[in-house]
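Tertiary structure, described
So you can see what is in the structure, the chains are spelled out below.
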There are 2 protein chains.
Amino acid sequence: MADEIRANLMEQIKDQGEVVRKLKTTKADSTKIADEVAKLLELKAQLGVDNAGPQKLILKTPKGTRDYNPEQMALRLGVLEKVATVFKRHGAQTIDTPIFELKEVLTGKYGEDAKLIYDLKDQGGEILALRYDLTVPFARYLAMGKVSSIKRYHIAKVYRRDNPAMTKGRYREFYQCDFDIAGQYDPMLPDAECLRVISEALTSLDLGPYKIKLNHRSLLDGIFAACGVPHEKFRAICSAVDKLDKSPWDEVRKEMIEEKQLDGDIADKIGSYVSRQGGNELIHELRKDEILMKQPAAVSGLEAMELLLKYCDIYKITDKVVFDLSLARGLDYYTGIIYEAILTGDGVGVGSVAGGGRYDNLVGMFDSKNKAVPCVGVSLGVERIFSVIEAKLATKGEKVRTTEVEVYVASAQKNLHEERMRIISDLWEAGLKAEQSYKKSPKLLAQLQHCEENSIPLVVILGERELMNGEVTLRVVKTREESQVRRENLEKEIRKLLGY
Amino acid sequence: MADEIRANLMEQIKDQGEVVRKLKTTKADSTKIADEVAKLLELKAQLGVDNAGPQKLILKTPKGTRDYNPEQMALRLGVLEKVATVFKRHGAQTIDTPIFELKEVLTGKYGEDAKLIYDLKDQGGEILALRYDLTVPFARYLAMGKVSSIKRYHIAKVYRRDNPAMTKGRYREFYQCDFDIAGQYDPMLPDAECLRVISEALTSLDLGPYKIKLNHRSLLDGIFAACGVPHEKFRAICSAVDKLDKSPWDEVRKEMIEEKQLDGDIADKIGSYVSRQGGNELIHELRKDEILMKQPAAVSGLEAMELLLKYCDIYKITDKVVFDLSLARGLDYYTGIIYEAILTGDGVGVGSVAGGGRYDNLVGMFDSKNKAVPCVGVSLGVERIFSVIEAKLATKGEKVRTTEVEVYVASAQKNLHEERMRIISDLWEAGLKAEQSYKKSPKLLAQLQHCEENSIPLVVILGERELMNGEVTLRVVKTREESQVRRENLEKEIRKLLGY
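Conventions and cut-offs
Residues numbered from 1 in each chain as written. Chains lettered and ligands numbered in written order. Predicted model: local features only at pLDDT ≥ 70, side-chain atom pairs only at ≥ 80, totals over all residues. Heavy atoms only, no water. Domains from an automatic or database assignment. Helix = DSSP H or I, 4+ residues; strand = E, 2+ residues; numbered from the N terminus. Buried < 20%, exposed > 50% of the residue type's maximum accessible area, 1.4 Å probe, protein only. Phe/Tyr/Trp six-rings, centres within 6.5 Å; stacked < 30°, edge-to-face > 60°. Lys NZ or Arg CZ within 6 Å of the ring centre and 35° of its normal. Contact = heavy atoms within 4.5 Å. Buried area = accessible area lost by both parts, 1.4 Å probe. Salt bridge = Lys/Arg side-chain N within 4 Å of Asp/Glu carboxyl O. Polar contact = N/O pair within 3.5 Å; in protein donor to acceptor, adjacent residues only side chain to side chain. Nonpolar A, V, L, I, M, F, W, Y, C, P; charged D, E, K, R; others polar. Pairing = 2+ DSSP bridges. Axes fitted to C-alpha atoms, helices over the stretch in contact; angles between N-to-C directions. Arc of directions from axis to C-beta.

So, the domain arrangement of chain A
- For chain A, the domain assignment lists domain 1 (3–52), domain 2 (70–395) and domain 3 (407–498).
- Inter-centroid distance (C-alpha atoms) of domain 2 of chain A to domain 3 of chain A is 53 Å.

A few points about unusual backbone geometry
Residues and elements named next belong to chain B.
- Here Met188, not a glycine, exhibits a phi torsion of approximately 70°, which is positive.
- Inspection of the secondary structure assignment puts Met188 in the loop between β5 (173–182) and α6 (189–204).
- The class of Met188 is buried, set by a relative accessible area of 7%.
- Positive phi values are uncommon outside glycine, yet Ser455 reaches one of about 50°.
- Among the secondary structure elements, Ser455 is positioned in the loop between α15 (444–453) and β14 (458–462).
- By relative accessible area, which is 44% here, Ser455 ends up partly exposed.

Comments concerning the packing of aromatic side chains
- With the rule as written, the count across this model stands at 24 aromatic pairs over all chains.
- With 5.5 Å between their ring centres and 35° between their planes, Phe87 of chain B and Phe179 of chain B make a pair best called tilted. Taken together, the positions of Phe87 of chain B in helix α3 (residues 70–89) and Phe179 of chain B in strand β5 put the pair 92 residues apart, joining distant regions of the chain.
- Counting every residue linked through ring pairs, the aromatic cluster contains Tyr110, Tyr132, Tyr333, Tyr334 and Tyr359 of chain A.
- Its end group placed over the ring of Phe138 of chain B, Arg152 of chain B keeps NZ or CZ at 4.0 Å from the ring centre.

A few points about the interface of chain B and chain A
- Each side of the interface is counted separately: chain B has 101 residues, and chain A has 101 residues.
- The junction of chain B with chain A conceals about 9,200 Å² of combined surface from both sides, 57% of it contributed by carbon and sulfur atoms.
- Taken together, chain B and chain A are joined by 20 salt bridges.
- A salt bridge links Lys60 of chain A to Glu126 of chain B; the shortest N-O distance between them is 2.4 Å.
- Across the chain B-chain A interface, the total number found is 52 residue pairs in polar contact (both at pLDDT 80 or more).
- Looking at the side of chain B that touches chain A element by element, the count peaks at 9 residues for helix α14 (residues 417–429) of chain B.
- A per-class count over the side of chain B that touches chain A returns 44 nonpolar, 21 polar and 36 charged.

A short note on the sheet that holds strand β12 (residues 407–411) of chain B
Residues and elements named next belong to chain B.
- Read from one edge of the open sheet, 5 strands run β13-β12-β14-β15-β16, paired in mixed fashion. One side of each edge strand has no neighbouring strand; the edge strands of this open sheet are β13 (434–436) and β16 (482–486). The sheet shows a mean angle of 30° between the axes of neighbouring strands, taken without regard to direction.

Here's the deal with helix α9 (residues 249–259) of chain B
Residue and element names in this part refer to chain B.
- Among the residues of α9, Val252, Glu255 and Met256 are the ones counted as buried. Considered in projection along α9, the buried side chains sweep an arc of 95° and stay on one side of the axis. Across α9 from its buried face, at more than 90 degrees, point the exposed residues Asp250 and Glu258.
- In the core, the buried residues of α9 are packed alongside α8 (234–241) and α10 (264–274).

In structure tokens, the structure reads:
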């Protein structure tokens, strides 16, 4: 057994042990625990067996990734289509970029998260890395093509070498659904539409109640300045504030003081701001804060926020948004409004399902004359949405169809496969979705059972006698009603029963 | 300027120089040559400027890759949807696998082509590589999930570190559209359906005339044995024969003798076989070849081919297929029928647009007990298809719509943006695809021009006086007909004009 395989296996065993321990401490459902223990034992067995026997591959997908089986794919494609429908309703075009970029395209865009970028091996060519998000490649695309305005969506996979909690719907390979508006426009008009897009998408996915938290990078900068944070520490402190959705204030405060060498007094002042949230009344309150109002960044941030809240009202999403001073967003490239959507219903866990903001300087970083293209956008994290929907379906015990087969061509006696082939060939020709057994003489019962299990609505059944009369049997699977149909009328009868 | 950037640029300049030289030697269209020369000069300028100035990024996508702009994406999505429709018509489910696999999953599956695999850098985790095709991950999926039968399609990107001729539609990152049938079934029933699937897909894409070449690996093995090729050289000789679609026999013969140390006599014997193609008559001819018929592999291969041709006849694709003894397919994993589709119309160039075959042992390579799952499948190479369709559209001067916007909300006077927002919000609510300007006071002419340029069928025009009367103007862009519509009837009127 190769060392690396063994190392992988050990790592898996460690991870799986963790899963089991967690389930036990949280007193999870006992069958769930038993399942996970079984997986652990299997892993340990592999280690033993493979150690003794010949070198054999451990069958797994890379850490933090997974296969999607047909049920999961049907669900996923349904979600992605709903999201795309919303993006298209807002007039977006779509583009695609390569899954990897020159490494230097990604360099200097992600702050502390840059360590999570997947590098490709240098095999005697360019230095490449897998894309970390869809935003930086979009900015590179705009700069490269000298595109100064576009409204585009992009639904594709991105890659992060995170230590993901897969049970929470976090992966190293995952889909993002991005909608961005690039161009020099009037304040908050594109920004408000992005919020409306989030709202329409989450509503159409029927995920239960949600909130979109809003904040403004200028306002945050103004607050940091008013509290006395040195300018060069703004991004580091911002990155600490960003952790408030997962960690309590005490921990974040500690990080500010110990890791980022901030004075305790300054941290406390920040703490008094970032604990506040609300709507227009919070804007009025902050306007009365004289120290804060001496910071031009804070003043312009508040103005922007006020206009945005007004537009949210026109777009009828006031009840979905909340102005939240603790929202910071980790990435370096945001310059204006930032936002993040979270589900607030019972049992869906925490964590954001969408986020985004304005990034006016990113495109300029790629332009030789630093020509800026102002941009604002939103990214939906659909993996978490898949998890939520999967859990819902499991609770209801609902099953998703994984094929679209309309009619199955079956035979009631042996050796009718060539007749079946003739008929199914005509059905395909007519554009009908049809399948048959790949066995020459399958059992009728097995064929009918396949139809019931796969919710195929109709079956054409071939029998020797009927064929001689130029007829076949057409059966409705659900009701088991059967009728004799002349071969030349078969297509018409099928369409009639399918209702088109 | 970093050395690697400079090296990249030098490489680009070299490649572009090649492009220009080729165009000149082939006496290509002069504007085409001028375009490419301009690109070359720009590249050279970059080298000069960047050399002198501060370090600046070269804006490009990685070698052998490209962005897709909205026009290209609209075209591409249209093609992929047509292909998926055919796959679904045949009852296929879809799955997805990660874009990278443990390197060892890919090892030993691709023969001489393994050198083209993209490796990821070892960043302190597993040894990973980007998938080279969708077939090996599919086999890994089947073995891992102990799936013994499935009909699945998978449309996704694959990666090959080739030296691609991008002008011919060959890339390092490209889409494959795969349809595979896994399971223990009766001979040639799934295989024939794969051929029918290729035929339906190519017909539905309207690519002009095409041929599907057929051969059988057992028959090839039988021929090699009959000619006296040592058994251990079968795969290497097969790989040489595979080059016959691009190289003349003399070169392939030379490779067999010089690189693969085959006797000249044996090579000549092979040459006399692989030059033959036909239909049933070729089968009868080969049946009379006594030396060949002493090889059991040849006998079973011929039998399979005969049955397949019979089924092709039932599936009405006899005029599309040709039994071609020169077809070999490069990959190691094929075990039975192999096929490859080529376009045969004028001006579409050569090269295959689809290929595949039977691979009965691949899944077993991943199973600890070598449990085999017989599989047969087809892969459509859609990048070349995109190129062909793009060229066609360019000739016709046709333009593809890149958005689906049904109605644009415009204002005829200044500062009506909030009114526009109220109306567009209602339209979105009603599920209509609508967009507006992100400027507070755009010029009416500019708004109408946007609609004409983007083939948006309808415009709602807001004016102060009409708004006071509770009315708006609804304009049909093509005919420029306008009517006054009450706000409460707007949605209904729009649907009426859109015809639903």
